[in-house]
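Close look at the chain arrangement
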Amino acid sequence: MNSVLVNAVLSSSPDFHLLFESLTWPSDSWPGTERVEALTAFMEGLGPILAESDTTRCSAAKRRSIIAQVDSVVWTRCLPLLSKISAEAGEGTRRRESTAAACRLLGVCVPLCDRAAPGRVALSVLPSLQQAEAEAEEEEEEEEGVPGPWRLSAEVASEAMAALVPSLAADEQLTLITLSSALSCIKTLPDAMVSRIIVRLLLTVLDCCGGAILTRVLKLVLEDMCSWHRADRTHVVAERTLLCLTALSEHLLKPHSLPSSSFFSSSSPRREVDPRLSVQFWRMIQDGLTHRDSVSRKRALYLLKMCVALSEEEGLDCPLSPSEEAADDILFKWEPSRSKLLREFWEDYALVMETLEENQIHVVRPVLNRIDTLIQTTVNEGQAVGQVFFHPSWLLCVYQRMFHSENKSLMREGVCHLLELQVLRQPAFALAFSQFIAGPFMDVLSETSLFHKSVGQSVGDCPELGAKLQVFMITFFTSLPSAHRGRILLQMIRQLCSKHWCAAPLLFLSQALSKLPPGPLLGVEGLAALREVLCCTVITHQVLLRGATQCFLLNSALCLIDVSAVTLDDVFSFLVHFRPDESLSRGTQIWNQLCSWLLDNEGSFKPRITDGDSTGDAPQKETVRGYVQSEMHSYLRVPASAGHTERVPDSREADKLTRAMLLCVDMERNQPGDKIGTTLEALLSPLLDTLSRVSTNIYLPLRKSDKSLQLLLRLFQLGGAPSCERVGEERVDDVMVAMERLIYKLADPIHEFILRRLLGEMQEPFDVERAELYLCVLRQMVVLYKSTPQHHSKTQQTYFPKLIKCSLKVLQEPNQQIPSVANQVARAVAMASLATVCGLVEQEVIGMQSETLSALKSLNDYFYTLVSSSCQSLGNLNKRLQKPKIGDDLGDAGVQGGLLQDWGRVAANFLRDQWICLSFLIKAFGVPESVVISNHWATLKAAVSCGVEALALLPSGLVLPVLTFMETVLPQLLLHEEALCVEAVTLTWELVQGLSTNALDFWPALKGFVSMAFHRKLLQLTDTSAPTLLAALKQIATELMELSQSKSGVLGVLLQHCCQTWLPTDGGSNAAVFSTVFSHINVLTEACVFGPVFRRDQRLIQDVQTYVERLGEECAANVAVTSDNRDDQLPRTCVLAFLSRLDSSDLQHERLMEELVMDLLKKDNNISKSKVRYYSNSLQHRVKNRVWQSLLLLLPKLREEFVATVLNCVFEAAFCSNHASVKYLIEWMMILILVRYPHHIDSFWACFTRDHDKTKTSICTFLSVLVHFNVIIPNLKDKAVHLRKALDIILQWCFNHNFSVRLYALLALKRVWSLAGTQAEEGADGLRGMSTVIKACLNQAEAMQSTGNANKNWTRIQDHFFFGAFDPISDYSVETIFYTFPSLSEMTDDEWIPPWKFEKLLCFSESASFPLRNPAPDLSQLQPGDWIQQDKGEQNKEERWAEVQKKITPWRLGIQEQEPELQLVPQQRAARLGKLHGALLVVASLIDKPTNLGGLCRTCEIFGASTLVLDSLRHVSDKHFQSLSVSSELWLPLLEVKPMELTDFLQLKKSEGYCIVGVEQTANSQSLQDYRFPEKTLLLLGNEREGIPANLLQMFDVCVEIPQQGVTRSLNVHVSAALLIWEYTRQHLTSASAEVDSKPKN
């Protein structure tokens, strides 16, 4: 229509200049889109006129004038307008439509100008595109004023170049320049622009080229993409190269059937540009298949499918010859003779990769067998033809895709599948997989969730994946060619250092490495890598797991070290990093293995080359003893003193030498004829010589003395074995005995040297550290020789009194106005010395002889000295060190100044040492009588006030001595200063709470606090004696229990302390102390039901710790680590052990049990009455289960009278809705009560007559009791009467309408009648007459259960453990209640308490009536049955037609009346009805299901879409389409566009200004709730299965994703489209209504 109108105007108005003036616009304005389109139509009309050869209509002069005007439009209208558009911010509709219109005008005008015009315009636009590549340079040029009036944005420049390209097709040079710019833009521009450059510019260049130029262009693009990917294999590069190649796929991978002569040479059918021949192309595809972006994965799979389809269609070998590249590098092969096999392989491969996109294990698992098919095909083909058609790297892509899945279950499935891969037994495949194993596979193994227990595994079992990993490592490394094993192992170990590894994955991987068969795989680099793991990766883990990991890594090293490649020094330097308190402790199994390994390999280690080895002779082999002797001389060889105090030597050198020496001695002591004393003396000779001279040789360098003492200390510390074999008697350690004998001769010189140094010579900053060393040595020596009378006496009578007096003298010196370094250091050393002495006396290492006693009393007097007689406060408590100033007299002032910067630590230690002394002195001497404060209590008050102040001053990790002091003082002060006691307890609790994230300090502080706050005297408080403190303690106990919900082990500390206080295990029970339990009975109640529901990661750590503990001494960490029991089941086991020791004959014990039972029943009742619905294994379910377990434990100890009072509560609980595990326990409880107290049987019969309408099926609980009537009836009087009563009751329920009730009743009838039948035959009154009736009834009932599901349930309920193997009397044990029952009733394994946990508690009391373990193993060997009791009430059925949605379908027969209307097009028909259409264009050409298309048609019509595009209009006549469209196709414009035509269709709509929107999840997709739809929107919908093809994704202007919260990954395509169509309509309805509202009203 436009062309007709333009031609009419041009023919009627020959004045073209006037038309130019009327259609153009001022150059500085922004014209409307209609005006630009009108000018474009005018220019299109001028084209034929200028092309005419006849000059009658248009003379040559006029033609030149028109061309000049057209040229003017280009330079003065088009380019300035494009520049204005570029300057406009945002992505508005006006900007998009104006750009499209201006570029169309430019594309029409340029061909009308002279031949040079396209080149000139292109050269003016290209700089804008090139400047966009380097934004920084552009900014600099702008600052320098580089000319360029038409600076365009990259987006506008690309559109302009796309319009110019058709005019540049003949100019090969400009075409290649444009191509080069486009490729550069792909590499440098932001993601949002890359697709636009490819679609609008690169594809346009290809579409406009032909022949040799097209071939050259394709070759350049392919080579450029491949070289870029080869140089930089990152995610971004892979994403963009795949985007580019997918867009070009129709050119690069065009099949033969389509005419394209440019692709083939005249002499050969082989393509000139064939990406399949490029290895880099396939690497791009493989990178794409494992890409983190789903769109890139889709593109890669699309290219792979196209290549396979093309190869099958061409029927040619690919590649023709492998000579160009090594055969191993050929990733894709095709052979026509194996076309079917290859096609099936790649079809399976594509199916697997597509299914993995679902990310749902139930969808993926069925196709996992296809992976096995792929692998078997690969193996079989390789073996059959001697060459591999399917490169193993394709299989690795499958695994890597599974490893990167968002679904952890799918990730785990992939890991387990790889671990069981049998093909890795073949060396070729093992080698092909090796880099994958050492890289991505190691990465995925760091995922903690992989190591959770599998279904069916118990607590303490090795996780399934951990066990498989051990087998896999052995298989893999055994299959790997020996030349590659060391290299791959080293890479794997280095992977452990490259990222953060959590405790569980690292532990199980280390364990798997330790199981490898021995072999020389690791050299010096391997040891260095393992050392890095120990220093960096393992250092942050939990102590026990850290120790276990160290053990496994050391085992690995011993198996895999190549001893000929490492020296002994390398080995011992490596061993330093294994901590003795966590793993490598003397006497452990790993220590003995290390000794054996050193002995076996002695003489085989690589010799050391020392500085003295200058000769050409081969170095001699080095023995362990020779190494130790050499190292000893080197260690004690120190330079002469520099004249100033030096820093204390680094202790790591002493650790290394000590460990080497101890290993040497332990290694040699098992040799025949070896004498330990002789060996030790020879090794220690240099050390002994030095120590003998420390106190007499004044010229002995201080550094040498310090090093010798360091070595001595480490020898004693590391020499003691934490695990001596204990069989009968403790085994004597002859090594340590011999060492003590050697050192004993030197005890006096060592003591004299240390005392001399401590008493006046320590005056410089480094001396603070040095004093710590000396005091450690002193403490060790005193402990060591406490059993030697001569030495012990000398220590007490001479050394210690002198040390105390001199130290006290230093402290009593008046403070200096300007504190000197010497004075403050001397005070710090003095206080540390006094704390050491007090600690030794408190531990009873030394006794208090008269001299020591006198000195300590003087110290006690010193602390309690008053400030002045007028000031009633203690002046020497909390005395602080003052930071000294550095003087010029200090040697090495810079280093010592650095030490003074750490003066805060020294000052804190000084304050702590005071309280160490005070905590001992208050116990030993109390408050000295010489103190003149008003009374004794006032003095204690002042001391406690100082303690409260110290809590605020001291770092959190140093407060323990203050807590110990308060533990002694608070009970004495309580009745006089309650407020102060409350303040002290509250402040201390706040301090402990603040430490909850610091495990190192938290647990000691918590224990100290519990000992202080819950001291037995404080527990005896009553509401009248100290109400405030008692309330505070109760509140703290509550907060402790709350804290224990998130921090495992907290409540265990409180329970262990309180239970031991109330009922000591040594039998020294005190009635007054025990009575305090009633004030804190809530603690016991909560402990009985304690057990937090932890997160899975927390549970995993606890499971792994249990696994390590179950390894026993096999794992040295269990011996070396002194860890507390922080099991979350400890509070329950602890309180149950406490209850087991209660004596029912003790009135207080009896009262406690009864109160506890009432509290537990109340807790159960509260849960039953709450309206909150709880589910299986929820916290409420677990609490109820724990309640009844505790009640079962207490039942044998309860009085008969008390049982009678609570029996009704038990029956009421049975009527409640309970889970199966709780029902079993209640039923067992009722059975035991009736067995013990049979006179309550009438109360039991009464339960069957109660009216419980809402819980009718709860009667099953009482019928279950009758199933076990055989254990009740022996204790009943009138057995026949009660049997008759039981049969009467059961028969009533045999005819109940509920199936479960009938089933239980039938089982009870069968069991009870088996008892009654015998008595009936014997002539029992009342039973003989029932015999015939019951037998007939029973036979008929059983016959009814003989078919279908009824028969299955009848069989299952009879075989169920509770009605089969379980005996309520003989199976009564701790094991049954707390382990067997929970496991058989499908409680989560967190609820199973194994018997060994009770055995670990020394306080558990086992008796004949209450055994720990079940005497018979039958019950524990059963598996959980699948008959679980149900208790679901009948639900009221809803009315049949309630809430039915009625849908109206136009009656087809009435369509004839509309016949005239149907002759109109849909828009006209809609307009006749007053219906308006929007601008939304919905493209559904990719959808092939008629039902989806019919529903989509209906949605589009309802919401006013402008057009629905289908792949074929034949869908409209499909009955499935019509059933959902309900005639909407009559009112909606439909358009047919085939899928292969979509690219051109979308290009056309882009040029018309449409915004192309797709529904796809990509890295840059926008959320539907945030996106604003332009008015001209084209919505492209994907195929139901495959979505949007990869070659169309780059056409999108924007991808929109629908926010999701569920697990299911995707919506139906019609539903997705409906959501977007409605959102588009809503936005534009809102904007339209806003415009209407804004118009002024008349």
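The preceding data block contains the structure.
First things first, this report covers the structure right here in the doc. (Residues numbered from 1 in each chain as written. Predicted model: local features only at pLDDT ≥ 70, side-chain atom pairs only at ≥ 80, totals over all residues. Heavy atoms only, no water.)

**Section: the overall build of the protein chain**
Spelled out, the test is: Under the DSSP-based scheme used, a helix requires at least four consecutive residues in state H or I and a strand at least two consecutive residues in state E, with every element numbered from the N terminus. Any pair of residues with heavy atoms lying within 4.5 Å of one another is described as a contacting pair.
Helix and strand counts for the protein chain come out as 72 helices and nine strands. Of the contacts made within the protein chain by residues no fewer than 6 positions apart, 77% connect residues no fewer than 24 positions apart.

**Examining the pairing of strand E4 (residues 1507-1510)**
Selection rule: Each residue is placed in one exposure class: buried if its accessible area under a 1.4 Å probe, protein chains only, is under 20% of its type's maximum, exposed if it is over 50%, and partly exposed if it falls in between. Two strands qualify as a pair provided that DSSP identifies no fewer than 2 bridges between them. Here the term right-handed applies to a crossover when the path leading from its first strand over the helix to its second strand runs clockwise, the strands being oriented away from the viewer.
In E4, alternate side chains face the same way, and those of Thr-1507 and Val-1509 on one face and Leu-1508 and Leu-1510 on the other are all buried. Across three bridges, strand E3 (residues 1481-1483) lies against E4 in parallel orientation. Each residue of the ladder has a partner; that of Leu-1481, found in E4, is Thr-1507. Taking the sense of rotation as the criterion, the β-α-β connection linking E3, helix H68 (residues 1490-1502) and E4 turns out right-handed. Sheet topology places E4 next to strand E5 (residues 1534-1536); three bridges connect them, and they run parallel. In the strand pairing of E5, Leu-1508 is matched with Leu-1534. Note that the unit made of E4, helix H69 (residues 1519-1525) and E5 has a crossover that is right-handed.

**Here's the deal with the environment of Gln-1522**
Selection rule: For the purposes of these results, a polar contact is taken to be a pair of N or O atoms within 3.5 Å, where, inside protein, one atom must be able to donate a hydrogen and its partner to accept one; residues adjacent in sequence count only when each atom of the pair is a side-chain atom.
Secondary-structure assignment places Gln-1522 in helix H69. A C-alpha to C-alpha distance of 6.2 Å links Gln-1522 and Gly-1494, two positions 28 residues apart in sequence. At 3.0 Å, the side chain of Gln-1522 and the backbone oxygen of Val-1516 are in polar contact.

**Focus: the nonpolar core**
The line we're drawing: Residue types Ala, Val, Leu, Ile, Met, Phe, Trp, Tyr and Cys, when buried and joined through side-chain atoms within 4.5 Å, form a set referred to as a nonpolar core.
Within the largest apolar cluster, 490 residues are counted, with the highest numbers of intra-cluster contacts made by Met-43, Phe-441, Trp-1188 and Phe-1269. Beyond its immediate chain neighbours, meaning those up to four positions away, Phe-1269 contacts Ile-1241, Trp-1245, Leu-1276, His-1282, Leu-1283, Ala-1286, Val-1312 and Leu-1315. Counting 30 residues, the second-largest nonpolar core is a separate cluster that includes Ala-1479, Leu-1496, Leu-1532 and Cys-1555.

**So, the layout of surface pockets**
Where empty space is left becomes clear once a probe the size of a water molecule has been rolled over the atoms. Threshold: Any residue with an atom within 4 Å of a point lines the site, the site being either a cavity, points on a 1 Å grid over the protein atoms alone where a 1.4 Å probe fits but cannot get out, or a pocket, an open set with protein on both sides within 12 Å along at least 5 of 7 lines. Grid points are joined across faces, edges and corners, and a volume is the space filled by probe spheres set on the points. Three categories are distinguished: nonpolar for Ala, Val, Leu, Ile, Met, Phe, Trp, Tyr, Cys and Pro, charged for Asp, Glu, Lys and Arg, and polar for the others, with Gly belonging to the last.
In this structure, the second largest pocket spans a volume of roughly 1,600 Å³. Around the second largest pocket sit 44 residues that line it, and Lys-298, Arg-1585, Glu-1586, Gly-1587 and Ile-1588 are the ones nearest its centre. Going through the elements one at a time, helix H15 (294-314), helix H16 (339-356), helix H71 (1590-1593) and helix H72 (1613-1638) are the ones with two or more residues in the lining of the second largest pocket. Ranked by residue count, the leading element in the lining of the second largest pocket is H15, at seven residues. Here the lining of the second largest pocket is composed, by residue class, of 18 nonpolar, 12 polar and 14 charged.

**Observations regarding the sheet that holds E5**
Worth spelling out the cut-off: To get an axis, fit a line to the C-alpha atoms, keeping to the stretch in contact for a helix; angles then go from 0 to 180 degrees between the N-to-C directions.
Overall, parallel pairing links the seven strands, which are arranged E5-E4-E3-E8-E6-E9-E7 in an open sheet. Strand pairing shows two members of the sheet lacking a second neighbour, E5 and strand E7 (1566-1567), which therefore form its edges. Against the sheet, H68 touches E3 and E4, its axis set at about 165 degrees to E4. The strands that helix H70 (residues 1542-1551) touches are E3, E4, E5, strand E6 (1555-1559) and strand E8 (1577-1580); relative to E8, the one it contacts most, it runs at about 160 degrees.

**Quick look at unusual backbone geometry**
One non-glycine residue, Asn-878, adopts positive backbone phi at about 60 degrees. By the element assignment, Asn-878 lies in the loop between helix H38 (850-863) and helix H39 (893-901). By relative accessible area, Asn-878 is classed as buried at 6%. One non-glycine residue, Asp-1278, lies in the positive phi region at around 55 degrees. Structurally, the position occupied by Asp-1278 is in the loop between helix H59 (1269-1272) and helix H60 (1279-1293). Classification of Asp-1278 by relative accessible area gives exposed; the value is 56%.

**Observations concerning the environment of Leu-1306**
With respect to the helices and strands, Leu-1306 occurs in helix H61 (residues 1299-1321). Looking at Leu-1306, the relative accessible area reads 3%, which means it is buried.

**Quick word on the packing of aromatic side chains**
Note the cut-off: Each aromatic pair joins two rings of Phe, Tyr and Trp (for Trp, the six-membered one) with centres within 6.5 Å, and gets the label stacked for planes under 30 degrees apart, edge-to-face for over 60, and tilted for any other angle. When the NZ atom of lysine or the CZ atom of arginine is within 6 Å of a ring's centre and also within 35 degrees of its normal, the charge is said to sit over that ring.
Inspection of every chain in the model, using the stated rule, returns 57 aromatic pairs. On the basis of an interplanar angle of 75 degrees and a centroid distance of 5.2 Å, the ring pair of Phe-281 and Trp-282 is categorised as edge-to-face. The class of Trp-282 is buried, set by a relative accessible area of 1%. Their ring planes at 50 degrees and their centres at 5.8 Å tell us that Phe-1378 and Phe-1398 sit as a pair that is tilted. Taken together, the positions of Phe-1378 in helix H64 (residues 1374-1384) and Phe-1398 in helix H65 (residues 1395-1399) put the pair 20 residues apart, joining distant regions of the chain. For Phe-1378, a relative accessible area of 1% translates into the label buried. Taking relative accessible area as the criterion, Phe-1398 reaches 1% and is therefore assigned buried. Among the aromatic residues, ring-to-ring pairing joins Tyr-1224, Trp-1228, Tyr-1304, Phe-1361, Phe-1362, Phe-1363, Phe-1366, Tyr-1372 and Phe-1381 into one connected group. Its guanidinium or amino end placed over the ring of Phe-1002, Lys-1047 lies 5.2 Å from that ring's centre, counting from NZ or CZ. A cation sits over an aromatic face here: Arg-1151 above Phe-1078, 3.6 Å from the ring centre.

**Some words on a negative patch on the surface**
What counts is decided by this rule: To count toward a patch, a residue needs a relative accessible area above 30% and no salt bridge. Like charges then connect within 9 Å, nonpolar side chains (Val, Leu, Ile, Met, Phe, Trp, Tyr) within 5 Å. Only the protein chains shown count as cover for residues, with accessible areas throughout obtained via the Shrake-Rupley method and a probe of 1.4 Å. Salt bridge, as used here, is a side-chain nitrogen of Lys or Arg placed within 4 Å of a carboxyl oxygen of Asp or Glu. We score Asp and Glu as negative and Lys and Arg as positive, and we do not count His or the chain ends. By convention, the charge on Lys lies at NZ, on Arg at CZ, on Asp at CG and on Glu at CD.
A cluster of like negative charges, contributed by Asp-207, Glu-250, Glu-1541 and Asp-1544, occupies part of the molecular surface. Tracing the backbone through its elements, the reader meets Asp-207 in helix H10 (residues 191-208).

**Side note on the pattern of salt bridges**
For the coordinates displayed, the defined rule picks out 67 salt bridges. Between Lys-1163 and Glu-1086 there is a salt bridge; the shortest N-O distance is 3.0 Å. With Lys-1163 in helix H53 (residues 1147-1169) and Glu-1086 in helix H49 (residues 1081-1088), this residue pair connects regions lying 77 residues apart in the sequence. One salt bridge in this structure joins Arg-1626 and Glu-1623, with 2.6 Å as the shortest N-O distance. Taken together, the positions of Arg-1626 and Glu-1623, both in helix H72 and three residues apart, correspond to about one turn of that helix. Owing to a relative accessible area of 33%, Arg-1626 belongs among the partly exposed residues under this scheme. Through salt bridges with shared partners, one network takes in Arg-95, Glu-155, Glu-159, Arg-196, Arg-200, Lys-1550 and Asp-1597.

**Remarks on the packing of helix H26 (residues 543-560) against helix H50 (residues 1096-1110)**
Put simply, the rule is: Angular relationships are summarised with four words: roughly parallel below 35 degrees, roughly antiparallel beyond 145, roughly perpendicular across 65 to 115, and oblique for the angles in between. Each helix crossing is assigned a hand: it is left-handed if the near helix lies turned anticlockwise from the far helix by less than a right angle, otherwise right-handed if that turn is clockwise.
Interhelical geometry of H26 versus H50 gives an angle of 50 degrees and a closest axis separation of 10 Å. For the element pair H26 / H50, the angle class is oblique. Crossing of H26 over H50 shows left-handed handedness. Within the contact between the two elements, H26 uses Leu-544, Leu-545 and Ala-548 and H50 uses Ile-1101, Val-1104, Gln-1105, Val-1108 and Glu-1109. Per-class residue counts for the contact of H26 with H50 are six nonpolar, one polar and one charged.

**As for the packing of helix H35 (residues 766-784) against helix H37 (residues 821-842)**
Orientation of H35 relative to H37, taken along the N-to-C sense of each, is 20 degrees, at an axis distance of 10 Å. Regarding the angle of H35 to H37, the classification is roughly parallel. In terms of crossing hand, the pair formed by H35 and H37 is right-handed. Within the contact between the two elements, H35 uses Asp-767, Val-768, Ala-771, Leu-775, Arg-779, Val-782 and Val-783 and H37 uses Val-825, Val-829, Ala-832, Ser-833, Thr-836 and Leu-840.

**Quick word on a nonpolar patch on the surface**
Taken together, the side chains of Ile-1502, Phe-1503, Trp-1622 and Leu-1629 make up a nonpolar region of the molecular surface, amounting to roughly 380 Å² of accessible area. Of note, Ile-1502 is situated in helix H68.

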